[in-house]
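Below are the chains, spelled out letter by letter.
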Amino acid sequence: MTGASGRQAPRPAQASPVPTARAAEHSAEGDLRALFGQSMAVFASLAGPAHMVETANPAFFAAIGGPERTRTGVPLGQLMPELVAQGFIALLDGVYRTGKAHVGRNARVILGEGAEAREAFFDFTYEPRLDSGGNVMGVRVIGVETTQVQHAQRLTAEHRALLEQIARQAPLSEVLEGMARVIEDLAPEEVLVSVLLADADGTRLRHGAAPSLPDFYNQAIDGIATGEGVGSCGTAAHRRRPVIVTDIATDPFWDDFRDLADKAGVAACWSTPILARDGSLLGTFAMYHRTPRVPQEADLALARVFAGTAALAVERHRAEQARRTAEAREAAVRDDLAFLLNASTALSSDLDALQTLNRLAASCVPRLAPLGAVDVVEGGRVRRVATAGPTRHQQDLLASHIPVYDAADDAVARVLASGVTEVARRTPSGPGPWQELGVTGYVCLPLLDRGTPFGTVTLLSTGEHTFDGHTVALAEELTRRAALAARNARQYTHRAALARDLQAGLLLPDLPRVPGAEVATYYHPAGEGLDIGGDFYDVFPLEGDRWAFLLGDVCGRGAIAATTTALVRHTARAVAPLLPGPEDVVKAVNQALVNRPAGHGTGFVTLVYGRLTPTDHGLDVELVRAGHTVPLHLDARGTVHAVDVPGALLGIGPETHLTVRRLRLRPDESLLLYTDGITEARDADGEQFGEDRLTEALGAVRDRPGSRHIVETLTRAVRAFTGDQGIDDDQAALVLTATRPRE
């Protein structure tokens with residue numbers, strides 16, 4: 001906490017206007033000048049072996065100590081006795097004696113004695129003064145004080161280190177404490193630095209860093225309010241401008257904190273608000289002193305420079321916190337969605353409504369509650385159809401309890417009558433095995449059929465478990481889905497079956513046996529697998545012992561993607577036996593896509609289509625690439641070659657420009673086709689798997705690998721890279737490997 005002189009006029013508690021870039025630049029330049037000053041040239045003419053000061057410029061006298069040392073006709077060693085012990089008088093003696101000049105660079109010298117002494121640095125030259133006969137008659141001293149340069153270098157280095165900490169997102173407490181210690185070390189007089197951080201609403205200040213202030217003081221001011229007259233920091237935060245208290249003992253801002261300051265041994269406090277780029281309050285930066293003290297311009301400039309650095313650190317910290325909070329919320333939402341998707345998949349996986357309700361109870365425990373039960377109304381009576389719990393004994397106890405349909409003291413009866421969720425932090429009313437189960441609270445939710453309850457879901461707390469609003473909302477959503485699934489079991493299951501059938505139509509149920517080749521495939525859908533993916537592959541025979549193969553990716557997902565995929569596959573299978581080359585087949589596919597009705601989708605398709613012919617030397621391959629990822633050729637030595645051939649996306653327009661690429665796969669050589677879901681798979685940091693890692697994984701395959709081994713190696717590398725991260729896009733791969741002829 002810090003203060004302002006009562007002489008300063010109060011200012012309303014509002015953000016000052018954000019400075020323009022030019023004004024900020026000029027302010028920064030002024031702060032640097034105030035911090036480092038301007039280097040001045042010093043000159044003195046000394047006479048005789050005693051080095052009598054004959055004349056000197058004002059800068060010389062200012063550098064050595066000011067008015068009390070502004071004298072001539074006095075030996076330099078008498079005027080500045082501290083130079084004797086430091087060896088500078090001996091250097092003058094040497095120049096006077098030998099007539100040879102002496103040059104010093106960045107020499108350290110202590111000027112003054114006792115409490116008035118200060119450290120300084122100079123570049124200087126001692127030149128001999130010669131008379132007309134060439135005899136040494138004295139020494140001329142010429143120099144430039146470099147103290148400011150030294151301070152600038154130290155400050156710049158420390159400031160750079162702080163900025164590097166901020167850039168690498170070091171913990172805020174570490175940055176602020178390091179900054180405080182830097183200022184305390186750089187200040188010419190003892191200073192104690194404190195940084196307080198503003199709450200989100202800017203009404204209170206919290207401890208940020210104060211390494212040299214006593215703990216009791218930091219604890220006492222932690223959480224002080226911002227406002228006029230609340231110490232130096234509270235007032236500076238309120239005014240949004242610096243507040244200087246030169247004497248805490250007499251300043252009215254410190255009336256409520258004077259005893260605390262006296263106990264902490266601080267007598268002056270200068271506070272500067274830390275403001276964000278938009279002018280909002282981030283905190284305060286304070287400099288305390290042991291004795292009453294008026295700040296110099298350099299002190300204020302130092303405060304402004306480091307207040308700006310603190311603002312950068314705090315804003316970076318808040319941005320990182322906001323990012324992490326958003327990611328945590330997103331992860332929580334994804335977790336909830338995953339739970340609901342998994343539960344929905346389970347609920348819709350059977351045509352039997354009772355099985356759906358059993359899966360509902362199982363889904364609730366233990367994710368939503370330790371115990372759960374499902375009751376439905378059948379023939380005017382309530383029937384308990386499902387229970388879930390950690391032990392069979394607890395499930396049996398719940399199953400033995402039958403709620404009374406029309407009992408006013410029964411929660412199930414009340415919810416069936418009202419159709420409204422009931423939540424209580426107590427055992428359910430009415431008889432039941434509540435004590436034996438250790439029930440401490442419940443949520444009873446209605447299962448609705450077009451607004452009319454046909455059953456309930458009862459979730460029970462035990463021990464320390466309690467229901468919060470989030471859990472209740474999640475339970476209500478799950479119950480809503482379960483009610484819909486139970487009411488429309490056949491229709492819902494039919495849709496799920498249709499989705500599975502459509503997805504199966506994208507893939508081969510069984511891989512064909514291709515003479516002279518080993519074929520392996522891989523397919524992994526994104527998300528929970530409830531949507532129909534857009535990746536597909538196919539291998540089918542042609543006349544003359546030739547075989548066709550293809551792998552592609554349809555833009556989008558769902559039924560429209562399945563329709564487009566079926567169109568591509570069936571068109572290719574239909575026209576391949578009738579057309580002479582792969583490019584003709586792909587052109588026919590493109591024409592079919594262009595001619596499809598608008599209701600059947602308008603998305604583009606990427607495709608690799610080719611033919612292979614077994615020979616005595618391996619597999620002869622012809623292929624066409626239409627906007628798809630580049631196939632990879634793995635030769636027998638383990639070297640990976642990109643099979644790059646130009647070709648545009650399909651389904652965009654009637655014109656398509658394709659090129660046929662021919663290659664031979666010799667025995668143990670393989671061709672890999674893959675979709676971009678593999679190369680675009682991401683790790684926890686958001687980095688993509690990429691083509692380089694794919695090539696590296698393939699290059700690590702040794703000892704005549706077959707197609708299945710290549711697929712296993714590739715998928716293992718992708719899983720190791722992504723870890724627990726889910727995938728955002730479907731992944732598919734097709735590997736063709738030339739086999740060795742039988743001997």
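Residues numbered from 1 in each chain as written. Predicted model: local features only at pLDDT ≥ 70, side-chain atom pairs only at ≥ 80, totals over all residues. Heavy atoms only, no water.

**A few points about the overall build of the protein**
Phase 1 of the analysis: Summing up its helical and strand segments, the protein has 22 helices and 26 strands in all.
Phase 2 of the analysis: Every one of the 743 residues in the protein was classed for burial, and the buried ones make up 48%.
Phase 3 of the analysis: For the protein, restricting intrachain contacts to residue pairs at least 6 apart in sequence, the fraction spanning at least 24 positions comes to 62%.
Phase 4 of the analysis: Accessible surface for the protein amounts to roughly 36,000 Å². Of this, 51% is attributable to carbon and sulfur atoms. (Helix = DSSP H or I, 4+ residues; strand = E, 2+ residues; numbered from the N terminus. Buried < 20%, exposed > 50% of the residue type's maximum accessible area, 1.4 Å probe, protein only. Contact = heavy atoms within 4.5 Å. Areas by Shrake-Rupley, 256 points an atom, 1.4 Å probe, with all protein chains shown as cover.)

**Here we look at the sheet that holds strand β14 (residues 422-424)**
Phase 1 of the analysis: Pairing is antiparallel across the open sheet formed by 5 strands, whose spatial order is β13-β12-β16-β15-β14. Strand pairing shows two members of the sheet lacking a second neighbour, β13 (381-388) and β14, which therefore form its edges. Averaged over all adjacent pairs, the angle separating strand axes in this sheet is 20°, with direction ignored.
Phase 2 of the analysis: Packing against the sheet, helix α12 (residues 353-364) makes contact with β12 (371-378), β13, β15 (439-449) and β16 (452-462), and its axis sits at approximately 50° to β13.
Phase 3 of the analysis: The strands touched by helix α16 (residues 469-487) are β14, β15 and β16; relative to β15, the strand with the most contacts, the crossing angle is about 40°. (Pairing = 2+ DSSP bridges. Axes fitted to C-alpha atoms, helices over the stretch in contact; angles between N-to-C directions.)

**Considering the packing of aromatic side chains**
Phase 1 of the analysis: Under the defined criterion, the tally for this structure stands at 7 aromatic pairs.
Phase 2 of the analysis: Arranged with centres 5.7 Å apart and planes meeting at 90°, the rings of Tyr-217 and Tyr-288 form a pair that is edge-to-face. Linking Tyr-217 in helix α8 (residues 215-221) with Tyr-288 in strand β11 (residues 281-289), this pair joins segments that are 71 residues apart in sequence.
Phase 3 of the analysis: For Tyr-217, a relative accessible area of 0% puts it in the buried group.
Phase 4 of the analysis: Taking 6.5 Å as the distance between ring centres and 85° as the angle between the ring planes, the aromatic pair formed by Trp-254 and Tyr-288 counts as edge-to-face. In this pair, Trp-254 sits in the loop between β9 (243-245) and α10 (258-264) while Tyr-288 sits in strand β11, placing the two residues 34 residues apart along the sequence. (Phe/Tyr/Trp six-rings, centres within 6.5 Å; stacked < 30°, edge-to-face > 60°.)

**Things to note about the pattern of salt bridges**
Phase 1 of the analysis: Per the stated rule, a full pass over the model turns up 31 salt bridges.
Phase 2 of the analysis: Its salt-bridge partner being Asp-449, residue Arg-450 comes within 3.3 Å of it at the nearest N-O pair.
Phase 3 of the analysis: You can call Asp-449 partly exposed: its relative accessible area is 28%.
Phase 4 of the analysis: Across the pair Arg-708 and Glu-518 runs a salt bridge, and its minimum N-O distance is 3.4 Å. Here Arg-708 is found in helix α22 (residues 707-722), whereas its partner Glu-518 is found in strand β17 (residues 517-524), with 190 residues between them in sequence. (Salt bridge = Lys/Arg side-chain N within 4 Å of Asp/Glu carboxyl O.)

**Some details on the sheet that holds β9**
Sheets are built from strands paired through backbone hydrogen bonds, the pairs being either parallel or antiparallel.
Phase 1 of the analysis: The strand order β8-β7-β6-β11-β10-β9 describes an open sheet built from 6 strands, whose pairing is antiparallel. Single-partner strands in this sheet number two, and they are β8 (224-225) and β9.
Phase 2 of the analysis: By the bridge criterion, 6 bridges tie strand β6 (residues 192-198) to β11 in an arrangement that is antiparallel. Of the residues in β11, the one forming a bridge with Leu-197 is Gly-283.
Phase 3 of the analysis: Where helix α11 (residues 297-347) meets the sheet, it contacts β6, β9, β10 (268-275) and β11, and its direction lies at approximately 145° from that of β11.

**Points about the packing of α11 against α12**
Phase 1 of the analysis: Running from N to C, α11 and α12 cross one another at 155°; their axes reach a closest spacing of 8 Å. When the axes of α11 and α12 are compared, the pair comes out roughly antiparallel. Our pair here, α11 against α12, has a crossing hand that is right-handed. Residues Phe-339, Ala-343, Ala-346 and Leu-347 of α11 form the contact with α12, whose own contacting residues are Thr-356, Arg-359, Leu-360 and Ser-363.
Phase 2 of the analysis: In the contact of α11 with α12, the residues fall into 5 nonpolar, 2 polar and 1 charged. (Parallel < 35°, antiparallel > 145°, perpendicular 65-115°, else oblique. Left-handed = near helix turned anticlockwise from the far one by under 90°. Nonpolar A, V, L, I, M, F, W, Y, C, P; charged D, E, K, R; others polar.)

**Thoughts on the nonpolar core**
Phase 1 of the analysis: Counting residues in each nonpolar core, the largest one holds 33 residues, and the members touching the most others are Leu-176, Met-179, Ile-183, Ile-274, Phe-285, Met-287 and Phe-306.
Phase 2 of the analysis: Of all the secondary-structure elements, those providing two or more residues to this core are α6 (147-167), α7 (172-186), β6, β10, β11 and α11.
Phase 3 of the analysis: The element best represented in this core is α11, accounting for 8 residues.
Phase 4 of the analysis: Those residues in contact with Met-179 that sit more than four places away from it in its chain are Leu-162, Val-195, Phe-285, Phe-306, Thr-309 and Ala-310.
Phase 5 of the analysis: One finds Leu-340, Cys-364, Val-385 and Leu-478 within the second-largest nonpolar core, a separate group that totals 30 residues. (Core = buried A, V, L, I, M, F, W, Y, C linked by side-chain atoms within 4.5 Å.)

The quantities given are spatial measurements derived from coordinates; they are silent on function.
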